[in-house]
Amino acid sequence: MPQLPINWMWVSGCIGAICLTLLIHLSPGTLVKQVLVGIFLFNLGFAWNAAYTERRLANLLAPELEGKPLTIIGRVAALPQGSSFGAKFAFELDEVFLGKEKLAQFPRKIYLSWQPAWRNTQEIPEIVPGQRWKFKTKLKRPYGSLNPHTFDFERWSFHQNYGASGSVQAGELLNPGDIGFTEFELRMELARWSLRRKIKSLLPENARYVGVMIALVMGDQNAIDQEDWRVFNATGIGHLISISGLHVTMLAGVGAMLAAGFWRRRHWPILIPVSKFAAAAGFLTAFIYAWLAGFQIPAQRTMYMVGVVAFALWTGRNPRSFDIWWWALAFVLIIDPMAPYTPGFWLSFGAVAAILYAMGDSAGLLGIPTGKELDVDWCQRIKQALREACRVQAVVTISLLPFTLFWFYQTSVVSPLANALAIPLVSYVVTPLAIAGALLPDFIGRLLLTLAHDSMQYLALVLEWMAGWSWAVIWSSQPAWWVIVISCIGIVYSIRPGVMLDDWFKRLIALFPLAIMFMPAFGSTAKSLNSGEFRATILDIGQGTAVLIETAHKKLLYDTGPIQGKKDDAGKRIILPYLQGRGIDHIDRMVISHSDSDHVGGAVSLIQNLQFDSMMGSLPTHNFLLENLRARKIPSIPCRYGQSWSWDGVDFFVWHPHEETLFQSEYPMKPNEMSCVLEVRNQQSSLWLTGDVERLGEEEIIGRLDQDALHEIRDRELILMAPHHGSKTSSSQELLFRLSPNFAFAQNGYRNRYGHPHPSVTSRYESLHIPFYQTPKTGAQIWTFRANEKSSTQFWRHDIKRIWHRSADY
């Protein structure tokens, strides 16, 4: 099991004890004392983070239990996602059995997926928080594909404290509804489930934005369609389609107002002042709603800020605005040290900090003397409110731009206009109606939810129109850290308090570093390539293939990964986020090795979002991808032996299939054997991309490797993609002897059902002393081939990036 360096924890404890001892004996106010306080607090924070990490590492499944048939007994611990056709949910374990043996040590919390058997159309039972189940499962340690700029499932599992993930083969419900009175979290999850069920039942089945209603009421965004998310993100209103701080504040204000009206009716104010009772009620409302909303970071932040204000009122203090902000930040980090790894943390705290800093005395900034706001006429007050709203929107948009580009690689140009329309409508019409409809009895709740849904539907029509503008979104790459720092310095100067028109030119100049963030050369992209050099990014794609080849000015994508289900494919899940993080929106050529779904699965998603100049592949004439390309007027040519071209001093050569192959309605032989085999070479190195070619295809390639061809290849360092993911029907001894590769790699799924790579193939590479790198172990592999030196490889499955050179021992 992974462990932290315990010796450093002991060192930290000793340092903290020494600092505390010295603090007791030093006179107050000295500089040394302040330094010691800082060291003591740093060690305290380190110890807390270490304890947090150790608890989660202790929750991991033992490696020897991976893939074993286990019987588990426990309880559904959180709101499940999905439907009767498949569900995913958190599960707390009470007992685990391997056969008849009861295990003593096992993870306490896991993440399960329950899908009907592919031959069985029967729906699965409804999953309800708090239910106790007996499941037959197969588990594995938390694992996910690891690539730059893509979702890190392992980090998310660690954050959620899931010690394993797995699938359910069969289940037996033991005793439904067994929830103790003191189990607050489970009761809140059950309440969330009841609210979600009520919202779905009160709205029509074909209501498009029922997922948005659920997200606004309780923070569950999983039912929102991906196309709707595209519109929301393109118009910059995605922050509204969740439990925002404004919603929590609004509910807390309503709770405080009702409590104040109730408390002042009798003699109770003599015991507790109305203001204090209202503040406590407001915090209690915020607390309950934050939990009901899934305790998301924006909701947490607002709840803590309301709590600090309530505490200050009860203790007779008058805290400054930033004091409240700092206390909320401290509470979030103490409870959840991994919060900074989430976008919501930076966007939520960043927006509030920018507003507090920039607005200051907003009345004075807008030409109205402090304390005289109510003395001016209503027309002036309306103008003041509009100016404040415009300034706040401008401040938030500018301030969050670095974080938005870092996390999402895009910014919405129409965001100010869309937010000017959406913020008042969503915050003051849609959300209150949705919340009231979910909480009130059905006869009035149905009417209110319908009004909320219809209002959202009309708003969405305008948003879809805006999102359709060609200039609505500007894409960029993920900016480098030093660009973010410089930009933030400029932003602080630009949004500083003061009348903006007095020094607007200086403020505008200070924003110039923001323009740098949209220049790919200043992003966190890889180092540039010169003529005769190329780079190959072997994506950790699961059981499939996807390789990006880059020369100095050209890009080629070899295969597009697998498809999973009807809506999920590697193109939109892995390849597109990676390319967007790199700032790549144009591919010169796409090469599809053959028509298997694990090689062509992501192609349609990619051609819908990227520009492709041409396509080459081994595909039958009536393949769906070729029809899609023809509809988009993207030229395509069949892949045949002997084809070659050169980009930026880098040569590309096709070795398979045969030059006389005709691709008609069907393949002339097994699809794998028709794979397009592509070699990419420069003066020093040769990279072979082999698709799923098997023994027959390998024999044909061997026959084409005459002495002249071998002479050119053997003068170079050769890197071979293990054919067919390392299956036992490929990587023949003859091919390996003939090519004599220096390195080999395979793209395959973690613990995949095919058993790739086969043990006999792995041992074959080992016996020939060929280092064999597998993406489940290395994550994404980035091979860089320079003009005058051997290749270097960067493996992504490390917290700290490590460069592996030719002599590396893997």
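Further up the page is the structure itself.
Being a predicted model, the structure only gives us computed values, none of them experimental. (Residues numbered from 1 in each chain as written. Predicted model: local features only at pLDDT ≥ 70, side-chain atom pairs only at ≥ 80, totals over all residues. Heavy atoms only, no water.)

**Observations regarding the overall build of the protein**
- A tally of regular secondary structure across the protein gives 27 helices and 27 strands.
- Here the protein holds 810 residues, and the buried ones make up 50% of them.
- In the protein, once contacts between residues fewer than 6 apart in sequence are set aside, the share between residues at least 24 apart is 69%.
- When the accessible surface of the protein is summed, it comes to about 39700 Å², and 61% of that surface belongs to carbon and sulfur atoms. (Helix = DSSP H or I, 4+ residues; strand = E, 2+ residues; numbered from the N terminus. Buried < 20%, exposed > 50% of the residue type's maximum accessible area, 1.4 Å probe, protein only. Contact = heavy atoms within 4.5 Å. Areas by Shrake-Rupley, 256 points an atom, 1.4 Å probe, with all protein chains shown as cover.)

**Brief notes about the state of the cysteines**
- In the structure shown here, the tally under the stated rule is one disulfide.
- Disulfide pairing is shown between Cys639 and Cys676; the S-S distance is 1.9 Å. On the sign convention where negative is left-handed, the bridge of Cys639 and Cys676, at about 60 degrees about the S-S bond, is right-handed. Here the residue Cys639 occupies a position in the loop between strand 17 (636-638) and strand 18 (644-647), and Cys676 occupies one in the loop between strand 19 (650-656) and strand 20 (677-681), the gap between them amounting to 37 residues. With respect to burial, Cys639 and Cys676 carry one shared label: buried. (Disulfide = S-S within 2.5 Å.)

**Some remarks on the nonpolar core**
- Of all hydrophobic cores here, the largest spans 72 residues; its most connected members are Ile199, Val212, Met213, Phe232, Ile241 and Met456.
- Dropping the residues within four chain positions of it, Met213 is found in contact with Ile199, Leu203, Val430, Ala434, Ala452, His453 and Met456.
- With 28 residues, the next largest nonpolar core counts Ala536, Leu687, Met721 and Phe743 among its residues. (Core = buried A, V, L, I, M, F, W, Y, C linked by side-chain atoms within 4.5 Å.)

**What to know about unusual backbone geometry**
- At the junction of His656 and Pro657, the peptide bond is cis and its omega measures out at 5 degrees in the coordinates.
- Relative to the helices and strands, Pro657 resides in the loop between strand 19 and strand 20.
- For the bond from His756 to Pro757, the omega torsion is -10 degrees, close enough to zero to count as cis.
- Position of Pro757 among the secondary structure elements: in the loop between strand 23 (743-746) and helix 26 (759-767).
- One non-glycine residue, His149, lies in the positive phi region at around 70 degrees.
- Tracing the backbone through its elements, the reader meets His149 in the loop between strand 6 (132-140) and helix 3 (153-160).
- Its relative accessible area of 17% is what places His149 among the buried residues.

**A closer look at the pattern of salt bridges**
- Considering all chains together, one arrives at 20 salt bridges under this definition.
- The partner of Asp442 in a salt bridge is Lys198, and the shortest N-O contact between them spans 3.8 Å. Of this pair, Asp442 sits in helix 15 (residues 442-467) while Lys198 sits in helix 4 (residues 184-202), and the two are 244 residues apart along the sequence.
- Overall, Asp442 belongs to the partly exposed group, its relative accessible area being 42%. (Salt bridge = Lys/Arg side-chain N within 4 Å of Asp/Glu carboxyl O.)

**What to know about the sheet that holds strand 23**
- In space, the seven strands of this open sheet follow the order 18-19-20-21-22-23-24, with mixed pairing throughout. Two strands bound the open sheet, and with one partner strand each, they are strand 18 and strand 24 (772-774). Going across the sheet, the axis of each strand differs from the next one's by a mean of 20 degrees, ignoring polarity.
- Here four bridges tie strand 18 to strand 19, and the two strands are oriented antiparallel to one another. Across the sheet, the residue bridging to Ser644 is Phe653, located in strand 19.
- The strands that helix 24 (residues 707-714) touches are strand 19, strand 20, strand 21 (685-689) and strand 22 (717-721); relative to strand 20, the one it contacts most, it runs at about 50 degrees. (Pairing = 2+ DSSP bridges. Axes fitted to C-alpha atoms, helices over the stretch in contact; angles between N-to-C directions.)

**Brief notes about the packing of helix 4 against helix 8 (residues 274-292)**
- It is the contact of helix 4 with helix 8, at a shortest axis distance of 9 Å, that shows an interaxial angle of 70 degrees. Classified by the angle their axes make, helix 4 and helix 8 are roughly perpendicular. Contacts between helix 4 and helix 8 pair Phe184, Glu185, Met188, Ala191, Arg192 and Leu195 from the former with Phe287, Ile288, Trp291 and Leu292 from the latter.
- In the contact of helix 4 with helix 8, the residues fall into eight nonpolar, no polar and two charged. (Parallel < 35°, antiparallel > 145°, perpendicular 65-115°, else oblique. Nonpolar A, V, L, I, M, F, W, Y, C, P; charged D, E, K, R; others polar.)

**Quick notes on the packing of helix 4 against helix 14 (residues 415-439)**
- Two elements in contact, helix 4 and helix 14, have axes whose closest approach is 9 Å; the angle formed by their N-to-C orientations is 105 degrees. Judged by the angle between their axes, helix 4 and helix 14 are roughly perpendicular. Residues Leu195, Lys198, Ile199 and Leu202 of helix 4 lie in contact with helix 14, whose contacting residues are Gly437, Ala438 and Leu439.
- Across the contact of helix 4 with helix 14, the residue classes break down as five nonpolar, one polar and one charged.

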